[in-house]
Amino acid sequence: MITCSNCETAQFLQITQSRVYFEDGEMINEISETYECTLCGSTGQYIYDEDHDEETVTGDVELTTERPKFA
């Protein structure tokens, strides 16, 4: 789950930009999403890279496996 680092919730996150890259026209090679928290104004980006099987987050968002504290 992607949550706002400042608010500790995903409830107010909004995707402001989303891109999906197809290298060979069939398989997804990369997913890129930019987020903005409508509560505090923080921004961040999530990137999934299929070639390296890697997830990366930058900015004021974090990737968690837990449920958020506030829903």
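So, here's what we can say about the structure. (Residues numbered from 1 in each chain as written. Predicted model: local features only at pLDDT ≥ 70, side-chain atom pairs only at ≥ 80, totals over all residues. Heavy atoms only, no water.)

### A look at the sheet that holds strand 5 (residues 54-59)
The strand order across the open sheet built from four strands is 2-3-4-5, with neighbouring strands paired in antiparallel fashion. Where the open sheet ends on each side, the last strands, each with one partner, are strand 2 (13-22) and strand 5. On average, adjacent strands in this sheet sit at an angle of 15 degrees to one another, irrespective of strand direction. (Pairing = 2+ DSSP bridges. Helix = DSSP H or I, 4+ residues; strand = E, 2+ residues; numbered from the N terminus. Axes fitted to C-alpha atoms, helices over the stretch in contact; angles between N-to-C directions.)

### Things to note about the pairing of strand 5
Side chains on a regular strand alternate between the two faces of the sheet. As paired elements, strand 4 (residues 43-49) and strand 5 share six bridges and run antiparallel to each other. When the sheet's bridge partners are listed, Tyr46 is paired in strand 5 with Val57. Taking the residues that link successive antiparallel strands as the turn, the strand 4-strand 5 hairpin has four residues, and the phi of Asp53 there is positive, at about 50 degrees.

### Let's talk about the state of the cysteines
In a disulfide, the sulfur atoms of two cysteines are covalently bonded to one another. Applying the stated rule across the entire model yields zero disulfides. You can see Cys7 has no disulfide; the closest cysteine sulfur is in Cys40, sitting 3.7 Å from it. Overall, the relative accessible area of 17% leaves Cys7 in the buried class. (Disulfide = S-S within 2.5 Å. Buried < 20%, exposed > 50% of the residue type's maximum accessible area, 1.4 Å probe, protein only.)

### A look at the nonpolar core
Ranked by size, the top nonpolar core spans nine residues in total: Ile2, Cys4, Cys7, Leu13, Tyr35, Cys37, Tyr46, Tyr48 and Val61. Mapped by element, the contributors of at least two residues to this core are strand 1 (2-4), strand 3 (28-37) and strand 4. Setting aside anything within four residues of it in sequence, one finds Cys4 in contact with Thr9, Leu13, Cys37, Cys40, Ser42 and Asp60. (Core = buried A, V, L, I, M, F, W, Y, C linked by side-chain atoms within 4.5 Å. Contact = heavy atoms within 4.5 Å.)

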